[in-house]
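Structure at a glance
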Amino acid sequence: QVQFVESGGGLAQPGESLSLSCAASGSILIIDTMAWYRQAPGKQRELVASIDRDGMSTFEDSVKGRFTISRDNKANTMSMLMNSLKPEDTAVYYCHANIRISGSWTYADYWGQGTQVTVSS
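Parameters and conventions
Residues numbered from 1 in each chain as written. Predicted model: local features only at pLDDT ≥ 70, side-chain atom pairs only at ≥ 80, totals over all residues. Heavy atoms only, no water. Disulfide = S-S within 2.5 Å. Helix = DSSP H or I, 4+ residues; strand = E, 2+ residues; numbered from the N terminus. Contact = heavy atoms within 4.5 Å. Phe/Tyr/Trp six-rings, centres within 6.5 Å; stacked < 30°, edge-to-face > 60°. Lys NZ or Arg CZ within 6 Å of the ring centre and 35° of its normal. Core = buried A, V, L, I, M, F, W, Y, C linked by side-chain atoms within 4.5 Å. Buried < 20%, exposed > 50% of the residue type's maximum accessible area, 1.4 Å probe, protein only. Pairing = 2+ DSSP bridges.

Some words on the state of the cysteines
- Here the structure, examined in full by the defined rule, presents one disulfide.
- Note that Cys22 is cross-linked by a disulfide to Cys95, the S-S spacing being 2.0 Å. In this structure, the disulfide formed by Cys22 and Cys95 twists by about -70° around the S-S bond and is classed as left-handed. Separated by 73 residues along the polypeptide, Cys22 in strand 3 (residues 18–26) and Cys95 in strand 9 (residues 91–101) bring together distant segments of the chain.

Below is the structure:
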């Protein structure tokens, strides 16, 4: 009912930049909060950044000032620009959205398939 297409990521050297994009499609009525999570090997998945429909964003402390997040409500897309990357940013990054689909009165959580970001010299 909802499909995500994630793009971006890859390999970067410390200090470089990468961008991630996420596009949601399907029987979508409205998307509430969208967010990026990440999971490094051996660690729990953590919230990196989120953005609501009004564009209000929050960031995990370690990425504040380095990452920016944006979204297009009409296109159901979200992007994140990651600057000044550090080796500790290495993880699989997941797109997440709280979506109300056609025929439903409630919102549900949906996840992308994940995209690898590796920061290494």
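Structure shown, so let's carry the discussion forward.
Points about the environment of Leu81
- Assignment of secondary structure puts Leu81 in strand 8 (residues 77–82).
- Between the C-alpha atom of Leu81 and that of Ser19, which follows or precedes it by 62 residues, the distance is 4.4 Å.
- Sequence-distant contacts of Leu81, that is, excluding residues within four places in its chain, are made with Leu18, Ser19, Arg66, Phe67 and Thr68.

Let's talk about the packing of aromatic side chains
- Applying the stated criterion across every chain, the model contains one aromatic pair.
- Its guanidinium or amino end placed over the ring of Tyr94, Arg45 lies 3.7 Å from that ring's centre, counting from NZ or CZ.
- Sitting above the plane of the Trp111 ring, Arg45 keeps its charged end 4.7 Å from the centroid.

Digging into the nonpolar core
- By size, the foremost hydrophobic cluster in this structure holds 31 residues, and its most contacted members are Phe4, Trp36, Met80, Met82, Tyr93 and Ile99.
- Ranked by the residues each element gives to this core, the list is headed by strand 9, at six residues.
- When neighbours within four sequence positions are excluded, Met82 is seen to be in contact with Glu16, Ser17, Leu18, Leu20, Arg66, Phe67, Tyr93 and Val117.

A short note on the pairing of strand 4 (residues 28–39)
- Pairing geometry for strand 4 and strand 9, over nine bridges, is antiparallel. In the sheet register, Ile28 faces strand 9, and the bridge partner there is Ile101.
- Here five bridges tie strand 4 to strand 5 (residues 46–51), and the two strands are oriented antiparallel to one another. Counted as the bridge partner of Tyr37 is Leu47 from strand 5.
- Remark: six residues form the turn of the hairpin made by strand 4 and strand 5, two consecutive strands paired antiparallel; Gly42 in that turn has positive phi of roughly 80°.

Keep in mind these values describe shape, not function.
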